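# Descriptive structure summary
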Amino acid sequence: MRRGTYVRWGVPIAAAAVIGAAIGAGPVIAAVSGDPVLPERSAQQLLADAAAAAEKSEGMPPMSGTVQQTASLGLPALPDTGDGSPLSLLSGSHEVKLWYGDEDKMRLALPTQFNETNVIVNGDQVWYWDSDSNTATRVKLQGEHPREGLPTAAPTVMTPDQAAQRLLEQVDESTTISVSNTAEVAGRPAYQLTLTPKDPASLVQEVRLAIDGEHYVPLRVQVFAKGSAEPAFQVGFTQLTFTPPAEENFAFTPPAGAKVEEKTFGPSDARQEHAEEARRTAGDLKVRGEGWTAVAVLPADAAMPQGDADGAPGAPGGEGADARALFDNVLKTATPVSGTWGSGKMIRTKLVTVLLTDDGRLLVGAVTPEEIMKAAGVR
């Protein structure tokens, strides 16, 4: 991608201001003792350094590595459909491989148990390869910034940067922040920010964000649930090298017998898709509370995967049926509950509580059951 949007995995400038606001609310920076590996930084200084690195004109340094996402929410084992669907990411581990030479040379690969998808950018050559359908799609780019919004090989797998940005949005006066300079991720010395919610209604015990000590790239994000010694969710590099990848990583020729397609793509396509998605949810989604204890409320029908065991009308490859089967499997863990708001079924995990009400609402939040039922009583 475009530097600063899709490829540059740096903490945004806004994050420094957010941390600054939290610091202004009280003495939230706590020094962490130990043998220093990196120069000492406060949280505000660290994020300012990361923001400055993100804005450098030369962009992200050449690199290659493997990002692993792991979820251990306490759900029953989910069947592996091999399609990387959002529900399938609620348990187990998933990997994304990355090769980055410069703005014109990049490759992302998502290997699964049954197939592999790739996005390869090599100058004006852009390919999307799906081994499951044995299809190679050559993407013709158009527009002033043609790569803006270009789909990745793993749209449902978060990167450390994406996870870091989402979690830093929660930081305000309700968060205690500490920083250490002795972490290590993928063999790299790193700073570690620890964010601790103050509100007892949050299921989050703490969030640990590791930032590379040399390039200030987010290396790992870990979310710990209360009462758990191991992270309920984490995404981070397991292997990382800041050296130019070999040219062969960016060369792609469709295999013999593969179906070859061509598609035209530009920023307008991404904007239209995002606008349609926003229209589908903006009028329905409501948020009760804020920060760490925010609860999303939306119509259950709008959030439910479509399709059934016999297949989903209009869903290529039965993806809708797979998603519905995954959801039904999770729903088996639900417990009947009731209150002044009515009745429904509750799904409890280490990190997330879900309430499906009989009057057709779906409430989701990283909060205690008591907090989510309180939100259900607000109309």
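A brief look at the structure comes next. Computed from a prediction, not measured in an experiment: that's the story for all the values here. (Residues numbered from 1 in each chain as written. Predicted model: local features only at pLDDT ≥ 70, side-chain atom pairs only at ≥ 80, totals over all residues. Heavy atoms only, no water.)

All chains considered together, the criterion is met by 9 salt bridges. The shortest N-O distance in the salt bridge between K105 and E247 comes to 3.1 Å. Separated by 142 residues along the polypeptide, K105 in strand β4 (residues 105–111) and E247 in the loop between β12 (233–241) and β13 (259–265) bring together distant segments of the chain. Among the salt bridges present, the one from D359 reaches R361, with a minimum N-O distance of 3.2 Å. Residue R361 is classed as buried on the basis of its relative accessible area of 12%. By sharing partners, the salt bridges in this structure join R188, D212 and E214 into a single network. (Salt bridge = Lys/Arg side-chain N within 4 Å of Asp/Glu carboxyl O. Helix = DSSP H or I, 4+ residues; strand = E, 2+ residues; numbered from the N terminus. Buried < 20%, exposed > 50% of the residue type's maximum accessible area, 1.4 Å probe, protein only.)

Let us now look at the side chain of N118. You can see N118 is positioned in strand β5 (residues 116–122). Among the residues examined, N118 registers a relative accessible area of 1% and is labelled buried. Side-chain polar atoms of N118 contact the side chain of R107, separated by 2.9 Å. Polar contacts involving the side chain of N118 include one to the side chain of E116, which spans 2.8 Å. (Polar contact = N/O pair within 3.5 Å; in protein donor to acceptor, adjacent residues only side chain to side chain.)

What follows deals with the packing of aromatic side chains. In this structure the tally under the stated criterion is 2 aromatic pairs. Plain terms: the ring middles of W127 and F252 are 5.4 Å apart, the flat faces sit at 55 degrees to each other, and that makes the pair tilted. One end of the pair, W127, is in strand β6 (residues 125–130); the other, F252, is in the loop between β12 and β13, with 125 residues separating them in the sequence. Exposure class is identical for W127 and F252. Each is buried. Ring geometry for W129 and F252: centres 6.1 Å apart, planes at 45 degrees, overall tilted. (Phe/Tyr/Trp six-rings, centres within 6.5 Å; stacked < 30°, edge-to-face > 60°.)

Read from one edge to the other, the open sheet built from 6 strands follows the order β14-β15-β19-β18-β17-β16, with strand pairing classed as antiparallel. The open sheet has two free edges, formed respectively by β14 (286–288) and β16 (335–339), since each of these has just one partner strand. Across the sheet, the mean angle separating the axes of adjacent strands is 25 degrees when strand polarity is ignored. Summarising the sheet, strand β15 (residues 295–299) and strand β19 (residues 361–365) pair through 4 bridges and their orientation is antiparallel. Paired with P299 across the two strands is R361, which belongs to β19. (Pairing = 2+ DSSP bridges. Axes fitted to C-alpha atoms, helices over the stretch in contact; angles between N-to-C directions.)

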